[in-house]
Amino acid sequence: MTEETLLEAEEKMEKAVAVAKEDFSTIRTGRPTPATFNKITVDYYGARTPINQLASFSVPEPRMVVISPFDVNARTEIINAIRNSDLGVNPSDDGQVIRVVFPDLSEERRKEYVKVARTKAEDSKVSIRNVRRRAKDSFEKAVKAGDLGEDEAHRAQAELDELSQKYVAAIDELLKHKESDLLEV
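None of these values were measured; they are calculated from a predicted model.

Cut-offs used in this document
- Residues numbered from 1 in each chain as written.
- Predicted model: local features only at pLDDT ≥ 70, side-chain atom pairs only at ≥ 80, totals over all residues.
- Heavy atoms only, no water.
- Helix = DSSP H or I, 4+ residues; strand = E, 2+ residues; numbered from the N terminus.
- Expected span 1.5 Å × (residues − 1).
- Buried < 20%, exposed > 50% of the residue type's maximum accessible area, 1.4 Å probe, protein only.
- Contact = heavy atoms within 4.5 Å.
- UniProt positions renumbered as here; feature names shortened; annotations may be inferred.

### A short note on helix 1 (residues 2-26)
And step 1. Over its 25 residues, helix 1 runs 36 Å from end to end, which matches the ideal 36 Å to within 8%, given 1.5 Å per residue.
And step 2. The set of residues buried in helix 1 consists of T2, T5, L6, A9, M13, A16, V17, A20, D23, F24 and T26.
And step 3. Looking at the packing, one finds that the buried side of helix 1 touches helix 3 (107-145) and helix 4 (150-183).

Below, the structure is given as structure tokens:
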């Protein structure tokens, strides 16, 4: 019983770290990447669809992303979605591809992105703590029900604490790298 609970908790903690990585990839550093557009969705024939499923991306220059829609009819929706997003860019359309030129990041904008990254990291840490709390509660319920001895529950909680510390440290490391990328000029 304790092994399944610990494995389930570890899986959920790994997912929290994966979500943090994905969230960090959408925060723009000096050079834009296709991952910058991952969270932007388009109303495509009545369904909210991520842009990365509607087009291919290339980065021909350090500050430019070229988007080639698979369906030419979706161009205007893609442009509107990018324009209305929090990227702060104005895409241009030449009839075939969409060009998105990113301005250089100002010091103020970089600091805003660091704050966003810290918020996303804290959200992931809260998620890990919630997983830990739920697993700990299940151990305590098992002890009260007599299904688990107190010593075994104590060992399982110690292992759970180690797991949560390991994954919180992983998120801190990801945040440290993202902050250094953002503040690098």
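### Description of helix 4
And step 1. Taking 1.5 Å of rise per residue, the 34 residues of helix 4 would be expected to cover 50 Å, and the 49 Å separating its terminal C-alpha atoms lies within 8% of that figure.
And step 2. Taken as a whole, helix 4 has its buried residues at A153, A156, Q157, L160, L163, S164, Y167, I171, L175, K178, E179 and L182.
And step 3. Elements that come into contact with the buried residues of helix 4 comprise helix 1 and helix 3.

### Some remarks on the UniProt feature "coiled-coil region" (unreviewed entry) in the protein
And step 1. Those residues carrying the UniProt feature "coiled-coil region" (unreviewed entry) are residues 153-180 in this numbering.
And step 2. As a span, residues 153-180 carries 100% helix and 0% strand, and end to end its C-alpha atoms are 40 Å apart.

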